[in-house]
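# Observations on the three-dimensional arrangement
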Amino acid sequence: MTEGRRQKAEGRKGDSPIHRFTHSPFFIALWFAMLFLPFKGIEGAFVLFVVLLTTVFILRFLAGYIRPLKKRLQDAGTLIIQNAKCKMQNIGAKSLIFLLILLLCLPFFAKDYFIDIAILSGIYIILAQGLNIVVGLAGLLNLGFVAFYAIGAYSYALLNTKLGLGFWTALPASVLFSTVLGFVLAFPALRLRGDYLAIVTLGFGEIVRLVLNNWDSLTKGPNGIGGIQRPYLSDIPLGKLSYYYYFILLFVILTIFVVRRVYSSRIGRAWVAIREDEIASSSIGIDTTAYKLYSFAFGAFWAGVAGTLFAAKMQFVSPESFTFMESVLILCMVILGGLGSIPGVIFGSVILVMLPEMLREIQLYRMLALGSGLVLLMIFRPQGLLGRR
Amino acid sequence: MFIQQLINGITVGGVYALIALGYTMVYGILELINFAHGEIYMLGAYLGIIILGFFTAVGLTSYSLPLALILTFVLSTIFCASYGFTIEKVAYKPLRNAPRLSPLISAIGVSIFLQNYVMLTQGATDKVFPHVLENEGFEINGIRVTYIQLFIIAASAVLMIFLHIFITRTRMGKAMRAVAQDKVMASLVGINIDTVISMTFVIGSGLAAVAGLMVAMYYGLVNYSIGYIAGIKAFTAAVLGGIGSIPGAMFGGILLGLVESLSAAYISSEYKDAYAFIILIIVLLIKPTGLFGKSHEEKV
């Protein structure tokens, strides 16, 4: 349809009085207020009505200005990102070193509370990088990613408290265990198409959580396992918060290094090819099933690492930390920053760990904001904040 | 014991089937797993309690209980249908041509939003259904059947029959089937796709509202988080029957209810919620198209 004809068609539709009425700010505000009415009574609905009416009016009023402005802003945005990228390439090494020094100095000037958040961000960065491999690179929606995280955490918890194994002996074992489980789940699940895969992984995540919750003799059920040891570095116990911070930083750097190498390797390119077009990539000789399997297992590997680190940090694990909402949160980290982009995912994880801490006063509303934020993000910037198309 | 569990299973299964219909209709037309559908069911339960509570305060329930109940059903169905309609317009319509991941994530967002919306406005504690109905019933040979159970089974059956007639006999039903088969072709023969999609959401949400209200009556307690687990189970039922197939959803719901109540009684009730997932995984692995589904060929 040509532009002119489309405008004419829209014009015709917009001319009918019913259409004009149902798209008027008054009607829109009234509609939402009516929907809100049973939940908060007449007063609440009235407040919502007034707020919506003014917002819609202002938006309508600005709409004429916004469209050219939006275009200009988008152009400016891409320009800034491009510029930043050029600059990053020039001073990339310098700024990276600066950032590293900043991160290294952090424990000297920051409060314990802040270091605690930094450690948590580090763990989530590792976790989100793992999920990014599955969702961002290979394009497989995994809604049960938290299961591997849980398995990593519980493996370390059990190996440590029941068998008395130290961190360094337990780490390979628990990571291996979650990787193998990633393989085991992926093996049958990968025959399924996108949405079904998402649901099966979701089911897997729930089953793992239910087993952890109900297998009282092994996992102590909902009470969780406490008294897990912090890791030792040769003879130094990493009990102090700042020591553990450096420890996590080391792991984060290692993760980013390895993931970066894998991204630009043959495997990484094969994943991207599968995400873009599965049939085309199989026709040029990529064994799609095998590569999908690798992506699942590799993602699960990092989840296992993050889980072990989490258990060692908290010294306590319980099924409560591994709910479906946690999976969604990790997914949000990956999506917010930009699917498939390493800096984007780091950015997303840090933001989503920091934000709730900073917004403690309006904590009740943060899940509300997360939900609506997801919808808005999908509508206005589906590639994520730092992603590219 | 066995027959008792059978009756309980059919009761719960009827509810699952009603929710599953919404999933299957939306999936048939948009190929979208509507994660927010479980929350609509939860909204239905809450709206029922709120509206009936209002009628009790006004004095309508003491004046005429059946009238109050009928009005409650009608009003909460209308409200939920409006919610479904609005959700589609706000969260899914702008994404109709987006990559397939986007609407799915948007649906997860809506689901989180609605859960917290209800939690913030109605509180995090359990809501109690107004005590207007006595939990009466009758016993035959030690098998207890309550009137509410009978009502649920009858109402689900009637609604399913109506839906079946609607889909197979009316113009709108025909249009829905056409859009489900091929959107572009349907629009070429003059079907307004937007109307059909809105109608699908309205009907699906209305059915979920009835299901939610009946569950609130049956258990007497609701919570803002009931939507998630019920939604997943209903989705399992839809997949079990073959997603996109309406008789499949009905059959799958009842089968799932039966399996759940029988396995909770004879195997272990601790893992009651896990059976649905295990069945889901097994079905998807053995016969991904479900019991009644048609297989898709992937075209290059």
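Quick notes on the rules
Residues numbered from 1 in each chain as written. Chains lettered and ligands numbered in written order. Predicted model: local features only at pLDDT ≥ 70, side-chain atom pairs only at ≥ 80, totals over all residues. Helix = DSSP H or I, 4+ residues; strand = E, 2+ residues; numbered from the N terminus. Buried ≥ 20, exposed ≤ 12 C-beta atoms within 10 Å, placed from the backbone. Contact = placed C-beta atoms within 7 Å. Rg over C-alpha atoms; globule rule 2.2 N^0.38 Å. Axes fitted to C-alpha atoms, helices over the stretch in contact; angles between N-to-C directions. Parallel < 35°, antiparallel > 145°, perpendicular 65-115°, else oblique. Nonpolar A, V, L, I, M, F, W, Y, C, P; charged D, E, K, R; others polar. Domains from an automatic or database assignment. Expected span 1.5 Å × (residues − 1). Bend = angle between axes of the 7 residues up to and from the residue. pLDDT = per-residue confidence, 0-100. Pairing = 2+ DSSP bridges.

## Describing the overall build of chain A
On a plain count of helices and strands, chain A comes out with 15 helices and four strands. Taking all 389 residues of chain A together, the buried fraction comes to 38%. Of all intrachain contacts in chain A linking residues separated by at least 6 positions in sequence, the fraction that spans at least 24 positions is 75%.

## A short note on the overall build of chain B
Along the backbone of chain B there are 12 helices and four strands. The C-alpha atoms of chain B give 19 Å as radius of gyration, which agrees with the globular expectation for 300 residues (19 Å, within 12%). Taken over the C-alpha atoms alone, chain B extends approximately 60 × 45 × 40 Å along its principal axes. For chain B, long-range pairs separated by at least 24 residues make up 78% of all intrachain contacts whose partners lie at least 6 apart in sequence.

## Describing the packing of helix α6 (residues 147-169) of chain B against helix α7 (residues 171-181) of chain B
Residue and element names in this part refer to chain B. With their axes 5 Å apart at the nearest point, α6 and α7 run at an angle of 75° to one another. It follows that α6 is roughly perpendicular to α7 by the angle criterion. For the pair α6 and α7, the contacting residues are Phe166, Ile167, Thr168 and Arg169 in the first and Gly173, Met176 and Arg177 in the second. Taken together, the residues that form the contact of α6 with α7 break down as three nonpolar, two polar and two charged.

## Thoughts on the interface of chain A and chain B
It is common to report an interface's size as the accessible area lost on association of the parts. On the side of chain B, 41 residues touch chain A, which itself brings 32 residues to the contact. Where the side of chain A that touches chain B is concerned, the elements lending two or more residues are α3 (25-109), α7 (194-214), α13 (324-337) and α15 (366-380) of chain A. Residue contributions to the side of chain A that touches chain B peak at 11 residues, all from α7(A). Across the side of chain A that touches chain B, the residue classes break down as 24 nonpolar, five polar and three charged.

## Some thoughts on the domain arrangement of chain A
Split into domains, chain A comes out as domain 1 (16-109) and domain 2 (112-380). In this structure, domain 1 of chain A and domain 2 of chain A have C-alpha centres spaced 29 Å apart.

## Overview of helix α4 (residues 112-137) of chain A
Every α-helix carries 3.6 residues per turn, so stepping three or four residues along brings you back to the same face. All names here are of chain A. An ideal rise of 1.5 Å per residue puts 38 Å on 26 residues; α4 measures up with 36 Å between its terminal C-alpha atoms. Of all the bends found along α4, the most pronounced is centred on Leu131 and spans about 35°. Once α4 ends, the next one or two residues include Gly139, with phi positive near 70°.

## Here we look at the confidence of the model for chain A
Close reading of the predicted structure is inappropriate where its pLDDT is low. On average, residues of chain A score 81 in pLDDT, and 86% of them reach the 70 mark or higher. The low-confidence segment residues 1-9 of chain A (pLDDT under 50) makes one contact with residues lying over four places distant or belonging to another chain.

## Let's talk about the confidence of the model for chain B
Residue and element names in this part refer to chain B. Of all residues in chain B, 96% have pLDDT values of 70 or greater, and the mean over the chain is 85. Across chain B, helix α9 (residues 193-219) holds the top mean pLDDT of 91, while strand β2 (residues 137-140) sits lowest at 76. Overall fold confidence (pTM) sits at 0.84, and the ipTM for the predicted complex is 0.84.

## Overview of unusual backbone geometry
All names here are of chain A. Of note in this structure, Gln315 is not a glycine but carries a positive phi near 60°. Note that Gln315 resides in the loop between α12 (288-314) and β4 (316-317). On the basis of neighbour count, Gln315 is assigned to the partly exposed category, with 15 C-beta atoms found within 10 Å.

## Examining the pairing of β2(B)
All names here are of chain B. Bridge count between β2 and strand β3 (residues 143-146): four bridges; the pairing is antiparallel. What sits directly across from Ile140, in β3, is Ile143. The hairpin turn running from β2 into β3, its antiparallel successor, is two residues long, and Asn141 in that turn takes a positive phi close to 50°.

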